[in-house]
Structures are given as C-alpha cells and as structure tokens.
Amino acid sequence: MASPNGGVTTYDYDDSDSAAPVRAQTIEELHSLQRKAATAIKDGASPLQSISASLASLAREYGPNLVKGDPEAKVAPVPVKHQQASATIASSDSSLKFTHVLYNLSPAELYEQAFGQKKSSFITSTGALATLSGAKTGRSPRDKRVVKDETTEKELWWGKGSPNIEMDERQFVINRERALDYLNSLDKVYVNDQFLNWDPENRIKVRIITSRAYHALFMHNMCIRPTEEELETFGTPDFTIYNAGEFPANRYANYMTSSTSINISLARREMVILGTQYAGEMKKGLFGVMHYLMPKRGILSLHSGCNMGKEGDVALFFGLSGTGKTTLSTDHNRLLIGDDEHCWSDSGVSNIEGGCYAKCIDLSKEKEPDIWNAIKFGTVLENVVFNERTREVDYADKSITENTRAAYPIEFIPNALIPCVGPHPKNVILLACDAYGVLPPVSKLNLAQTMYHFISGYTAIVAGTEDGIKEPTATFSACFGAAFIMYHPTKYAAMLAEKMQKYGATGWLVNTGWSGGRYGVGSRIKLPYTRKIIDAIHSGELLTANYKKTEVFGLEIPTGIDGVPSEILDPVNTWTDKGAYKETLLKLAGLFKNNFEVFASYKIGDDSSLTDQILAAGPNF
Ligand SMILES: Nc1ncnc2c1ncn2[C@@H]1O[C@H](COP(=O)(O)OP(=O)(O)OP(=O)(O)O)[C@@H](O)[C@H]1O
Ligand SMILES: O=C([O-])CC(=O)C(=O)O
Ligand SMILES: [Ca+2]
Ligand SMILES: [Mn+2]
C-alpha cells in the first residue's frame, strides 16, 4: 500500500471507514438519535384531564395527578389542571403523587412494557407475546355482578338461569373505589381509548384502564383501533373498564363470595374488575354491555362468528365456547367479518370487535393455516407452553390450561373484510359439539326448530383430560350465550325469528362433536368433513339435497354430501352398539326436554302460533 506519510505504512483495521462517525458525544446522545419523535397527539386533544376524571375517587375532591409517558423516561411531571381545585393546596397524600399514563401505546411499546413488568412475558419464535393470565385461565361467571336499581330491576333478566347476579349501587361504588385506589397507587397505568361495533351509526366508545401491559395489548387487538384523527376527537367514553385484576376483591364486603369480582353498573356505564387477570373478562364484559344497549335500538347482538362468500352470501355461526365459531368462520375461501360477537341491524351485520380470540389447543398449521399464520408479532398468546431455548410453542401442551388462546387483530387474517360489515345473513348455522355423539353432523332446520335450538343453546364438551375418561356433560346456555345476555332470552329469540323471516335466512344445526359413539368410544368429527359440510351449506348444494327425518329429534338430514362419507350423516350408522345409541339418544332428548321446561310458559314475540311451533319443535319420544 502506498504511504502518504513518508515511508510509514498505516493499515486499515477499521473496515467501516467509509461511513461518517456517529454524531454523538455520549451514549445517551446516541440512544436519543435512535428514536425519532412520533407526531405528538395535539395538546388540545390531551386526554389527561378526561382520564383523571375517569380515575377520580368518588370520596375525594378530584382525580389523580397524571403525567403522560413512562416514568423511566424521566420527564418532569406537570400536574393536571383541575378546574375545581386550587392548584397549590394538596388535600390528600394521593393528590401529591403522580401516576404515569401510558395512553394507546403501540404493540411494540406494549411488548417492552410487558417484558419489564412480569417475569412471565416472552417473545415466541414467531414473534407473538406469550404471557400468563395468572391463577384464572377462564372467565368467572359466578363472580359477575350487575347493579340492580329501579331501572335494571324492571329491564333485565334476574333470578334462576339468569347470568345477572345482583349487587347494589353502594357496593359497586365501594368496589370501584378499591380498584381506583389500587390503580392510582401504581407508578403507571395503561389507558386505551377504542371503539366497539363497525356499524358507524352504532359505534360505542370504550376506555380501558389497566395495570398490565398485556391487558392493554389484548384490548388493542380485540377492540376497534382508532385512527390518530379519531383519537384526537375521542372525547368522553361511553363505557369505562377499570381493570384492577391483580388486586383482590374484599371478601368481607357485601355480595362478595370470593376474591374475584366483576362488577357492572349500566347506569354509571362502568365495569370494575378485581381478583382475576383473565383478559377475556374484559372482552365478554363489554359484550354484555352491547347485549344491553343494542336491542334497545332494535339491533340484535349475537354470540356468533360471521363470514361472507365472494357472491356476498353471509353466514352466521352460533355456538358455545369451543364449538367452532372461530375455526369455521376463518375460512380461506371466504371473507372473515368476525369470529365471536356481531350485531344484526336493519342494514345488515357488523362485527362488534376488531380482533379474534382463537382457542389454540392442538393448533396445527395444516388444519388451521390462517390462524396459525396470524400468530406473529403483535399477537397475544395466553397460557401456552414453549421451548425455553427455541421459543417454539408446543400447542399440544395442556400443562397450564386446556383454554390456551391467541388474540390477534382481525387484519392478521389475510381475507378479513374491512370494515367488518356485511349484508343480511343467508344461513344461520348453529354449532354444537355433541360429546354424546348422537346429533347428526348436519341437519336442516325450519324456523321453529332453529328457534328451539337457539333458545336451548346446547353443547357437551368434555374438558377433562387428566383422569382418564370423563362423562360428557350437557351444557344449555340460552341464545348460545347465557353468560352475556342481559334481557330474558325470549327477547333475543323473538328478534332472531323476526330477522330470519324478514330476510329469508335458513337455519342449520351442525354437530362438530362426536361420531361413532360417545366420548371415550367414538371420536370427534374430522375438521375437513365439517368444512365440507359448511361448504355445502354455503354453496346451496344442501338446500336441494335429499333429506330424511331422524327419530326422536325430528331432524332433517341429507343423504349425501360431496366429500363426506355418506354413512356418517346418520349417526346411528356409526355406532356399533345400536342399543347404546338409542339409550344415549333418549338420554340427551330428556336433557333437552328438562332444560326447555322453564321456557314453556313464555311467549316468543307477538306471533303466538310461532311460540306453539317452537314448543313442539323439540325432541318427541
Ligand atoms: N370438526 C370440528 N369442527 C370445528 N372445530 C373442531 C372440529 N374438530 C376439532 N375442532 C377444534 O375445536 C376447537 C373449536 O374452537 P373455536 O376457537 O372455534 O371455538 P369458539 O366457538 O370460537 O369458542 P369461543 O367462543 O370460546 O371463542 C378448535 O380447537 C378446533 O381445532
Ligand atoms: O370469553 C372467553 O373466555 C372466550 C369466549 O369467547 C367464550 O367463552 O365464549
Ligand atoms: Ca373464538
Ligand atoms: Mn366466545
């Protein structure tokens, strides 16, 4: 190498000398170069005053001092200006303290928050956030209470069979105070302002306040995400969730029967969560609120999945937990409108949510490719087990729970329809996972039968895997969602009948459960067969098929479907012990009958002949 400085050879050890040196004098300066300022939410739209009002104790004068951003960022806090308060006098210790508000953070920010917060948050090999929901891995319906006041006493469904367990306004406020004192005692809280319902005329604004970053990411995924402009004009929320799930309820307080408490006040438009970190509590709590608000506007709220064919044919998939709403509405050949919660108004269907919540036990890429591929950066994976080193998830592992879940924004499904709205449904598919193995894989229903099975809301899943074979247990949950409805089931049933009649939808009953014998003897119907059955419903093939009627349940079953072995269409063929089949069939029919007795004295809508037909549409034996 030629030497410019008189015979002394210099060697290039630095292989990056073509690049200019970094323009930083200190490591802090270098770090600050890394992050470019985001467009700040305009000052006038600062939500701090509104959030402080949300977090205000009802016993003290005004809301807590809040400051935006992470405490780690060490920005000097500026107190929120309260109109009522004189700025210099602190009336309580709590008013001297600052709580940092992390407002509508992005998924990346929430990942970092989650890692810092809990030892249980990890990034999986596909980029999802794996986390634990703590001691509760499912909802706690027996701990959900609704304030009974003069209005709700008259309006809501109370008493036997109802999901609404009462509490009074005072105890609600006491629990609210407990949650607020907990949240305000923290250094930081997460606040999300988001929407429910893609129907622009019936959109609801929700605020979620929580102590866990994972909860904020879960709701970011599950609710509709506002644009920056929508956030600037968000204003006052229509409904607020206070999630203090890390902190227990006070068992000595009135009405409290455990340290878990989910409290809803429809008058205050608030929900308070204590003593459970299961995130589904927030999602389904809001669903309950929609079941209250929407029917008042003539809109039917539905525990159903929904998708649409290329020709605009919409199908609803009703069913209890684990029956296949998410699995079957996520269909590569159709547009996904939503997997769990919808509204049916006079202008068509709309998804309530902005995301999906899939069961992922035994998930496989082959059987459910779209859900598999949706588990990537931004997705929350709850209670799954993964390899410590490779961070590959073992979806077959039930060590933590059988109810492992993935929560992802709906646009993670490639053929999601955005905005998530569609025309009136053509097919209404009722899913039941019949672990008794006696319901046919598919039956065509008349309107009365559709209503009978909708009100019954049957499934029989066998959850237990630990101690060998377990008995199937029948669950009847009115409207396939008794845990979420607010009014008497007949109100929703009448609305469904009216809409199905008005818009000419056909009802179907699809058994996604057992075939060839009950649980322990037979096996679950293969998902590819169920998909073929669903395809035949969508295509219209099944409307013109040949049918025969089953004994006892009186169901119309097709004699053949493309791609499905004909012998499985009538369950009796698949049982080797015909005596056991008949016995099991009658047993299930008896359970249906017992369950329906409470509805026998109710009128469904104004059409009394339809009520009579519904009563007669059950099993006959
Ligand atoms: N034949 C079948 N049809 C549908 N699902 C099946 C079938 N066989 C097995 N499965 C499995 O059953 C589960 C159905 O769960 P899915 O998430 O669809 O429930 P869901 O109805 O959406 O319940 P939730 O309301 O709790 O979210 C999935 O794990 C799916 O893989
Ligand atoms: O709410 C949950 O935990 C999951 C769900 O969708 C249901 O149970 O219907
Ligand atoms: Ca689901
Ligand atoms: Mn559900």
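Rules used throughout
- Residues numbered from 1 in each chain as written.
- Chains lettered and ligands numbered in written order.
- Predicted model: local features only at pLDDT ≥ 70, side-chain atom pairs only at ≥ 80, totals over all residues.
- Heavy atoms only, no water.
- Pairing = 2+ DSSP bridges.
- Helix = DSSP H or I, 4+ residues; strand = E, 2+ residues; numbered from the N terminus.
- Axes fitted to C-alpha atoms, helices over the stretch in contact; angles between N-to-C directions.
- Donors = N, O, S within 2.8 Å, 3.2 Å for Na, K, Ca; no water.
- Tetrahedral: all angles 85-135°; square planar, octahedral: opposite > 155°, others 65-115°.
- Buried < 20%, exposed > 50% of the residue type's maximum accessible area, 1.4 Å probe, protein only.
- Near = heavy atom within 4 Å.
- Polar contact = N/O pair within 3.5 Å; in protein donor to acceptor, adjacent residues only side chain to side chain.
- Areas by Shrake-Rupley, 256 points an atom, 1.4 Å probe, with all protein chains shown as cover.
- Nonpolar A, V, L, I, M, F, W, Y, C, P; charged D, E, K, R; others polar.

**Description of the sheet that holds strand β10 (residues 261–265)**
Move 1: Read from one edge of the open sheet, nine strands run β1-β2-β7-β8-β9-β11-β10-β5-β6, paired in mixed fashion. The open sheet has two free edges, formed respectively by β1 (65–68) and β6 (165–167), since each of these has just one partner strand. Ignoring which end each strand starts from, the neighbouring axes of this sheet average 25 degrees apart.
Move 2: Of the strand pairs in this sheet, strand β9 (residues 239–244) and strand β11 (residues 270–274) are connected by five bridges, and their pairing is parallel.

**Regarding the pairing of strand β16 (residues 348–351)**
Move 1: When strand β15 (residues 341–345) meets β16, the two strands line up antiparallel, connected through four bridges. When the bridges of β16 are listed, H342 appears paired with N351.
Move 2: Between β15 and β16, which pair antiparallel and follow one another directly, the connecting turn spans two residues.
Move 3: With two bridges joining them, β16 and strand β22 (residues 421–422) adopt antiparallel strand pairing.

**Observations regarding the coordination of the manganese ion (ligand 4)**
The expected angle between donors at a tetrahedral four-coordinate metal is 109.5 degrees. At an octahedral six-coordinate metal it is 90 or 180 degrees.
Move 1: Protein coordination at the manganese ion (ligand 4): the donors are K284 (NZ), H303 (NE2) and D340 (OD), at 2.2 to 2.4 Å from the metal.
Move 2: In this structure, the manganese ion (ligand 4) is coordinated by six donor atoms arranged in irregular fashion, with angles at the metal of 68 to 170 degrees.
Move 3: One chain supplies every donor for the manganese ion (ligand 4), spaced along it as K-x18-H-x36-D.
Move 4: Separating the manganese ion (ligand 4) from the calcium ion (ligand 3) is a gap of 4.9 Å. Taken together, the residues span a long stretch of sequence, with K284 in helix α8 (residues 280–293) and H303 in strand β12 (residues 300–308) at a distance of 19 residues.
Move 5: Look at H303 and you get buried, because its relative accessible area is 5%.

**Focus: the site of ligand 1**
Move 1: Lining the immediate surroundings of ligand 1 are 20 residues, of which S321, K325, T326, E368 and R405 lie closest.
Move 2: Within the side chain of H303, a nitrogen or oxygen atom sits 3.5 Å from an oxygen atom of ligand 1.
Move 3: Here T327 contributes a backbone N or O atom positioned 2.9 Å from an oxygen atom of ligand 1.
Move 4: Here ligand 1 has 640 Å² of accessible area as a free molecule, and 91% of this is covered by the chains.
Move 5: Taken together, the elements giving at least two residues each to the shell around ligand 1 come down to α9 (325–329), β17 (355–359) and α13 (527–539).
Move 6: Across the shell around ligand 1, the residue classes break down as four nonpolar, nine polar and seven charged.

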